[in-house]
Amino acid sequence: MRRENMTTPAGKKLWQKFVSRKTGAADPLRVRYDALTRRVFGRPVSAREAVARIVSDVRQAGDRALVRYARQLDNFVTSAANLQLSRAERRAAARRVPGSLQRALRRAASHIKSWHASQRSRGRVMVRRPGVRLEERRLPLDRVGVYVPGAMAPLVSTVLMNVLPARVAGVKEIYLATPPGPGGRVLPAILYAAEVAGVDRVYRLGGAAAIAAFALGTKSVPKVDKVVGPTNVFGLEAKRLVVGEVGIDSLAGPSEILILADDTARPGELAWDLLAQGEHGSGAISILLTPSEKLARAVQTEVRALTAMTPELRSAAQAAVVFRVKNLAEAATLADEYAPEHLSLQVRQPKQWLARIRRAGAAFLGPD
């Protein structure tokens with residue numbers, strides 16, 4: 001984690017790199033990707049070329065390609081019949097989830113369902129005049145495939161945030177794919193969330209192969225109407241390649257959060273917010289803007305303590321930067337310039353500061 005002062009040339013230069021979306025840092029996964037594609041394809045290839053080959057293979061060979069890529073990319077030796085987890089496996093794994101996490105996931109699920117239920121529409125007549133009637137109707141899809149990262153960034157919340165809106169909308173069948181760990185193991189928390197959300201099938205499939213299977217269909221994996229869920233660069237390229245054959249959510253870039261905080265903010269919670277966003281993988285950006293030097297130091301200390309306790313968070317910490325600013329007015333101006341995907345206002349009177357920021361995807365006000 002870096003700490004910079006916005007008044008220094010180095011701080012201003014780094015900020016401008018963030019604004020232009022050019023962090024200047026080498027992709028920490030580039031070497032890993034090169035080694036991986038060399039092993040699979042005989043030489044390092046770009047993500048786009050690798051995905052084009054994977055999608056073509058799945059289109060031509062179906063389950064045989066999925067089994068081969070499970071072995072080559074995820075070190076999972078399996079058969080087509082074992083790509084889907086049985087109901088017994090799912091329930092047994094879900095039972096291993098600590099009670100506190102089970103309660104947290106059920107509570108989150110309740111909130112998510114309530115929010116999306118309030119958005120549900122049965123359709124309405126938009127225009128009515130003699131000889132003309134224009135009506136809007138919203139009908140659920142038959143089948144949706146949800147991709148959930150499970151390797152570097154096992155995003156358990158992704159299960160709830162993608163499956164439950166589909167359930168509320170009335171989608172008939174919902175399938176989930178997530179990359180397997182050693183021996184085909186899937187994170188129990190992901191499987192518990194799948195049980196809570198009502199997922200119909202869970203597949204041990206990773207990245208581009210999972211997207212291709214959902215989009216094209218194989219003997220073991222039925223073709224879906226739409227594919228959703230966060231992915232890395234390979235999954236992103238797979239979505240780009242199959243769009244038109246199947247619906248997708250979006251071609252989203254790296255995730256990001258920008259936090260404005262004053263001396264009322266809680267350093268531990270800010271540290272977790274920064275790390276949680278950085279955990280999304282390569283290219284993720286986590287920024288904290290604060291006029292408080294004391295808070296900046298405290299957050300940096302919390303991040304160091306968390307990464308020492310959980311070494312898996314070190315890569316997430318590398319995506320985090322704390323900028324010291326003159327005051328919150330400057331922070332608000334910078335936030336509006338940056339236009340973050342996620343904006344968090346951990347300040348006194350957050351609604352007042354939100355009124356100064358017009359460019360943000362989602363805004364979170366206060367600690368609760």
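Just above sits the structure.
Starting afresh in each chain, residues are numbered from 1 along the sequence in its written order. Confidence filtering applies because this is a predicted model: local features only for residues at pLDDT of at least 70, side-chain atom pairs given and counted only at 80 or more, and all residues used for totals across whole chains, interfaces and linings. Excluded from the side-chain calculations are hydrogens and water; all other atoms, namely the structure's heavy atoms, are used.

Caption draft 1: Highlighting the pairing of strand β5 (residues 173-178). Within β5, 5 of the 6 residues are buried, which leaves the element mostly enclosed by the surrounding structure. Think of it this way: DSSP has to see at least two bridges between two strands before they count as a pair. Each helix is a run of H or I in the DSSP string that is no shorter than four residues. Each strand is a run of E no shorter than two, and both are numbered from the N terminus. The pairing of strand β4 (residues 143-147) with β5 spans 5 bridges and is classified as parallel. If you follow V146 over to β5, its bridge partner there is L176. For β5 and strand β6 (residues 201-204), the ladder comprises 4 bridges, and the chain directions are parallel. Throughout, exposure labels follow a simple rule: accessible area from a 1.4 Å probe, protein chains only, divided by the maximum for the residue type, with under 20% read as buried, over 50% as exposed, and the rest as partly exposed.

Caption draft 2: Seen up close, the sheet that holds strand β9 (residues 256-261). Here 6 strands make up an open sheet; going across it, the order is β1-β11-β10-β9-β12-β13 and the pairing parallel. What marks the edges here is a single partner per strand, and that holds for β1 (2-5) and β13 (362-365). Here the average twist between neighbouring strands, direction ignored, is 20°. Bridge analysis of β1 against strand β11 (residues 320-324) gives 4 bridges, and the strand direction is parallel. Between N-to-C directions, angles span 0 to 180 degrees; the directions come from axes that are lines fitted to C-alpha atoms, helices contributing only their stretch in contact.

Caption draft 3: Spatial organisation of the pattern of salt bridges. Throughout this description, the term salt bridge denotes a Lys or Arg side-chain nitrogen within 4 Å of a carboxyl oxygen of Asp or Glu. Considering all chains together, one arrives at 24 salt bridges under this definition. With its nearest N and O atoms 2.6 Å apart, the salt bridge here joins R43 to E49. Accessibility expressed as a relative area gives 40% for R43, which makes it partly exposed. Assessed through its relative accessible area of 27%, E49 is described here as partly exposed. Close ionic contact of E135 with R137 constitutes a salt bridge, the shortest N to O distance being 3.3 Å. Given a relative accessible area of 39%, E135 falls into the partly exposed group. A cluster of three or more residues bridged by salt bridges with shared partners is formed by R3, E293, R297 and R324.

Caption draft 4: Summary view of the nonpolar core. Ranked by size, the top nonpolar core spans 36 residues in total, and within it L66, L205 and F214 carry the most contacts. The set of elements that each furnish at least two residues to this core consists of α2 (30-41), α3 (47-61), α4 (63-74), β5, α9 (207-216) and α10 (233-242). Considering every element that reaches this core, the biggest residue donor is α9, with 9 residues. In contact with F214, other than residues within four places in its own chain, are G145, V146, Y175, L176, A177, Y203, V221, P222, K223, V224 and V227. The definition of a nonpolar core used throughout is a set of buried Ala, Val, Leu, Ile, Met, Phe, Trp, Tyr and Cys residues joined through side-chain atoms within 4.5 Å. Core analysis: the next-biggest nonpolar cluster, separate from the first, contains 30 residues, V156, V159, A189 and Y192 among them. Between two residues, a contact is recorded if the distance between any of their heavy atoms is within 4.5 Å.

Caption draft 5: Structural detail: the environment of I259. Within the secondary structure, I259 sits in strand β9. Each C-alpha atom, one on I259 and one on K13, is 19 Å from the other, the two residues being 246 residues apart in sequence.

Caption draft 6: Broad picture of helix α1 (residues 9-19). Within α1 the residues assigned to the buried category are G11, L14, W15 and F18. In a view along the axis of α1, the buried residues occupy a sector of 100°, so they form one face of it. In α1, the exposed positions angled more than 90 degrees off the buried face are occupied by P9 and K13. Among the structural elements, β1, β9, β10 (285-290), β11 and α14 (328-338) are those in contact with the buried residues of α1. Each direction from the helix axis to a C-beta atom contributes to the arc, which is the arc of those directions.

Caption draft 7: Broad picture of the packing of helix α6 (residues 99-119) against helix α7 (residues 156-169). Running from N to C, α6 and α7 cross one another at 35°; their axes reach a closest spacing of 9 Å. By crossing handedness, the relation of α6 to α7 is classed as right-handed. The residues of α7 that touch α6, namely those facing L105, A108, A109, I112, K113, H116 and A117, are V156, L160, M161, L164, P165 and V168. Helix crossings get a hand from a simple test, with the near helix turned counterclockwise from the far one by less than a right angle marking a left-handed crossing and a clockwise turn marking a right-handed one.

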